[in-house]
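# Tertiary structure, described
Residues per chain, in single letters:
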2 protein chains.
Amino acid sequence: MLIDIQEANAKALAAIQAAQPIIKGIDTAINVVPGMKKNLILHAGPPITWAKMSGPLKGAVIGGLIYEGLAANPAEAEKLAASSQIEYSPWHEHDGVGPMAGVATASMPVWIVENKTNGRKTFCTLNEGLGKVLRYGAFSDEVITRLKWIEKTLAPVLKAAIPLAPEINLKNMIAQALQMGDEVHNRNKAATSMLIRELAPAITKTSFSQEEKARVLEFMHSNDHFFLNLSMPAAKAMLQAAEWIEGSTIVTTMCRNGTEFGIRVAGLKDRWFTGPAQMIRGLLFPGFEEKDCNPDIGDSAITETCGLGGFSMAAAPAIVKFVGGTVSDAMNFTRKMYEITDGEAQAFQIPAMDFRGSPTGINILKVCEKNILPQINTGIAHKDAGVGQVGAGLVNPPMKCFEDALEAYVEKYCQN
Amino acid sequence: MLIDIQEANAKALAAIQAAQPIIKGIDTAINVVPGMKKNLILHAGPPITWAKMSGPLKGAVIGGLIYEGLAANPAEAEKLAASSQIEYSPWHEHDGVGPMAGVATASMPVWIVENKTNGRKTFCTLNEGLGKVLRYGAFSDEVITRLKWIEKTLAPVLKAAIPLAPEINLKNMIAQALQMGDEVHNRNKAATSMLIRELAPAITKTSFSQEEKARVLEFMHSNDHFFLNLSMPAAKAMLQAAEWIEGSTIVTTMCRNGTEFGIRVAGLKDRWFTGPAQMIRGLLFPGFEEKDCNPDIGDSAITETCGLGGFSMAAAPAIVKFVGGTVSDAMNFTRKMYEITDGEAQAFQIPAMDFRGSPTGINILKVCEKNILPQINTGIAHKDAGVGQVGAGLVNPPMKCFEDALEAYVEKYCQN
């Protein structure tokens with residue numbers, strides 16, 4: 001079979017560039033997420049079994065089963081989780097993404113993001129805030145109580161507000177955030193602020209009580225990462241447009257389940273290429289040590305896959321105070337990523353680089369040829385279930401994913 | 001008389017650095033602005049008579065008199081403005097500041113900013129938005145109607161919300177905005193966003209109608225410069241702390257009335273040193289030419305006096321799209337300003353310069369010795385009354401102000 005790789009990649013890149021992800025609304029997962037069902041747990045990263053899950057993912061599954069009313073306590077939940085009654089599936093196989101453990105169950109409300117260019121939808125839960133939260137593997141009462149409040153108040157208020165607000169184009173909002181020091185993975189302060197000012201008048205216009213509306217605005221205000229759960233499905237929507245362009249070597253998925261790192265490639269469809277999730281080099285919160293840290297976890301590397309996050313760190317110099325390193329490191333990460341990407345984002349401009357477009361469209365050929373790995377910045381979860389976040393830092397995928405994908409590509413396209 | 005200039009300037013700089021400006025509240029000018037009265041018009045820049053005012057300042061005075069009910073139409077207002085019934089005084093002589101024409105009358109609501117360190121207050125009107133607005137010399141019905149809405153709705157809602165919100169420390173907010181691409185003179189997008197998210201829950205809690213609250217949130221959201229009228233009195237509050245430290249050569253005021261540029265110096269008290277306001281080099285809105293432009297106008301150079309605005313352009317690379325030039329120009333402006341300033345702001349860090357503090361404390365000795373003028377970025381008003389903004393760009397003060405101030409300093413301190 002003869003394939004023009006450059007042409008296929010140009011097509012993939014054009015589809016990514018043409019995407020226009022907007023906030024479509026909010027609904028309950030079981031109503032809108034393809035294939036969602038009561039006994040299904042969606043999680044971050046490539047496929048994994050209960051037995052192989054790391055602590056934070058197990059913790060989040062326990063919390064998810066309690067939240068869903070399928071288990072009354074952690075012991076019951078663990079037993080159920082290990083049984084054949086519960087099924088597991090990666091968010092990415094259901095058009096969605098989940099930060100960190102990324103656990104979603106049937107009753108959880110989700111953002112619905114639509115790519116106006118192709119009409120397809122992507123999904124993500126609502127961000128819970130910092131501290132003890134499900135996505136970092138915590139499952140105590142406060143976690144469940146907050147998730148219930150999200151279901152009963154936050155989501156309904158936002159769901160009612162969205163149709164009363166002007167259409168929110170997430171690509172435009174991310175583009176502006178990049179001019180305001182965010183890279184929308186580990187720094188979402190500007191984007192969260194813009195989201196709040198966009199929604200605040202509409203929230204005020206809903207018929208909920210003054211207290212509920214004020215509480216919703218306070219909750220969003222209290223969490224500079226609130227926008228992460230929109231930057232992720234927005235990035236997913238852009239990359240989804242390149243699924244599955246025949247012959248393309250552009251990466252459409254990079255994600256981790258806390259045990260393995262997985263990638264998928266446009267021309268290789270839904271095949272996963274995995275390797276061990278790596279340890280993160282970064283800044284730990286006081287009281288924690290390296291031995292407390294879980295390996296890399298979460299679907300949030302979808303931002304890097306789309307040219308944001310670690311790929312756009314030059315736009316977010318202040319992030320080095322959170323993930324470590326210096327401002328010139330941040331500039332260099334971005335510069336280096338141009339070497340393994342096929343294009344520059346038209347929408348995402350980096351002011352400090354004279355408005356050069358962010359490096360977009362990771363090409364597995366370039367990764368393997370130049371031996372340069374994608375640069376990811378990320379939060380660090382405690383390795384034990386039930387603890388939570390212990391820091392943030394920098395990490396790379398294992399090279400094995402890219403080598404295996406290249407081998408599969410050669411096998412598929414270059415044999416005769 | 002023997003004076004230790006370095007010691008005096010260190011004292012001035014320490015006072016500026018120690019200032020903690022917070023939003024204290026909102027009230028009507030006549031209730032809170034020292035010396036305010038019904039027939040007094042406050043304006044930007046150094047003292048000026050009606051006869052010498054440029055078009056936009058005259059336009060704003062006309063609008064102010066109509067707004068105040070002292071004149072029924074522009075013709076009546078012009079006649080009254082030229083008579084001895086109306087008095088004029090610079091905002092800076094009443095502890096306040098006004099952007100562009102800077103006109104304030106007795107009934108206008110003003111922000112009250114308090115420096116918690118010394119308990120002193122500064123004032124500024126509320127930002128009207130863009131387009132046809134009083135501060136750019138427009139005085140049509142839509143301008144007056146908006147000013148009345150500001151008086152009757154915006155100000156009362158915000159006034160009621162402020163006590164319900166957490167205390168807003170403007171220095172902290174500006175410090176964060178500098179990490180988010182603002183320099184808080186011609187770019188206030190991040191700071192405006194942060195102000196809105198801080199106030200939104202409190203606005204929701206007030207007893208005003210749903211429509212009024214939504215309208216207030218929409219109005220703030222519609223104007224990325226809304227925070228300018230807080231960054232200015234915050235900067236004024238910081239510099240006010242250096243008024244009038246004996247022997248100091250630090251500049252406490254830089255401002256323009258559209259005809260003259262004026263400065264004041266800590267050790268020379270309330271004496272004005274003036275020179276002709278300069279023309280601005282910048283980007284004009286479509287349909288306008290250089291001959292339409294008024295010379296430099298407004299008290300907003302208080303931001304530069306405080307190390308923000310043009311002095312912090314390295315923090316706001318995206319601003320070059322508004323005022324012209326390149327990103328490296330922006331970096332160079334900031335670098336150059338270290339040569340004429342005595343210190344680096346502890347609070348205001350510039351990420352792109354490895355978090356170096358912004359250049360603060362303009363020293364007239366350095367300006368004169370090195371022949372380097374302060375760098376200001378600014379809006380450009382049409383030269384005729386009633387038109388409005390025509391662009392934005394870059395400008396410097398006339399060297400004469402600094403030379404005259406130095407001469408006066410020598411006369412006061414160095415004779416025996």
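Residues numbered from 1 in each chain as written. Chains lettered and ligands numbered in written order. Predicted model: local features only at pLDDT ≥ 70, side-chain atom pairs only at ≥ 80, totals over all residues.

With that settled, the discussion passes to the overall build of chain A. Secondary structure summary: chain A contains 14 helices and 14 strands in total. Its C-alpha atoms put chain A at 60 × 45 × 45 Å along the principal axes. (Helix = DSSP H or I, 4+ residues; strand = E, 2+ residues; numbered from the N terminus.)

Moving on to the interface of chain B and chain A. Taken together, the contacts link 27 residues of chain B with 27 residues of chain A. Per-element tally for the side of chain B that touches chain A: the top contributor is helix α7 (residues 189-205) of chain B, with eleven residues. Grouping the amino acids of the side of chain B that touches chain A by side-chain chemistry returns 13 nonpolar, seven polar and seven charged. (Contact = placed C-beta atoms within 7 Å. Nonpolar A, V, L, I, M, F, W, Y, C, P; charged D, E, K, R; others polar.)

When the pLDDT values of chain A are averaged, the result is 96; 100% of them are 70 or greater. This complex was scored by the predictor with a pTM of 0.96 and an ipTM of 0.95. (pLDDT = per-residue confidence, 0-100.)

Before going further, it helps to spend a moment on the relation of the copies chain B and chain A. One chain copy maps onto the other through a rotation about an axis and a shift parallel to that axis. If you rotate chain B by 180° and push it 0.0 Å along the axis, it lands on chain A with an RMSD of 0.0 Å. Such a turn and shift between the copies fits a two-fold axis. Nearest to the rotation axis, the C-alpha of Met180(B) is located 2.1 Å from it, this being the minimum over chain B. Here 100% of the contact residues of chain B are again contact residues in chain A; the copies associate through an equivalent surface. (Least-squares fit on C-alpha atoms with pLDDT ≥ 70 in both.)

Moving on: the sheet that holds strand β7 (residues 260-265) of chain B. Residue and element names in this part refer to chain B. Pairing in this open sheet of four strands is antiparallel, and the strands run β8-β7-β6-β10 from one edge to the other. Each end of this open sheet is capped by a strand with a single partner; those strands are β8 (273-276) and β10 (297-298). With five bridges connecting them, strand β6 (residues 251-257) and β7 associate as antiparallel partners. Looking at the pairing, Arg 256 lines up with Phe 261 of β7. (Pairing = 2+ DSSP bridges.)

Let us now look at unusual backbone geometry. Here the residue pair Glu243(A) and Trp244(A) is connected by a cis peptide bond, since its omega of -15° sits within 30 degrees of zero. Its identity as a non-glycine residue notwithstanding, Asp95(B) has a phi of 60°, on the positive side. Position of Asp95(B) relative to the elements: it lies in the loop between β3 (87-90) and β4 (109-115). Non-glycine residue Val184(B) carries a positive phi angle of around 55°.

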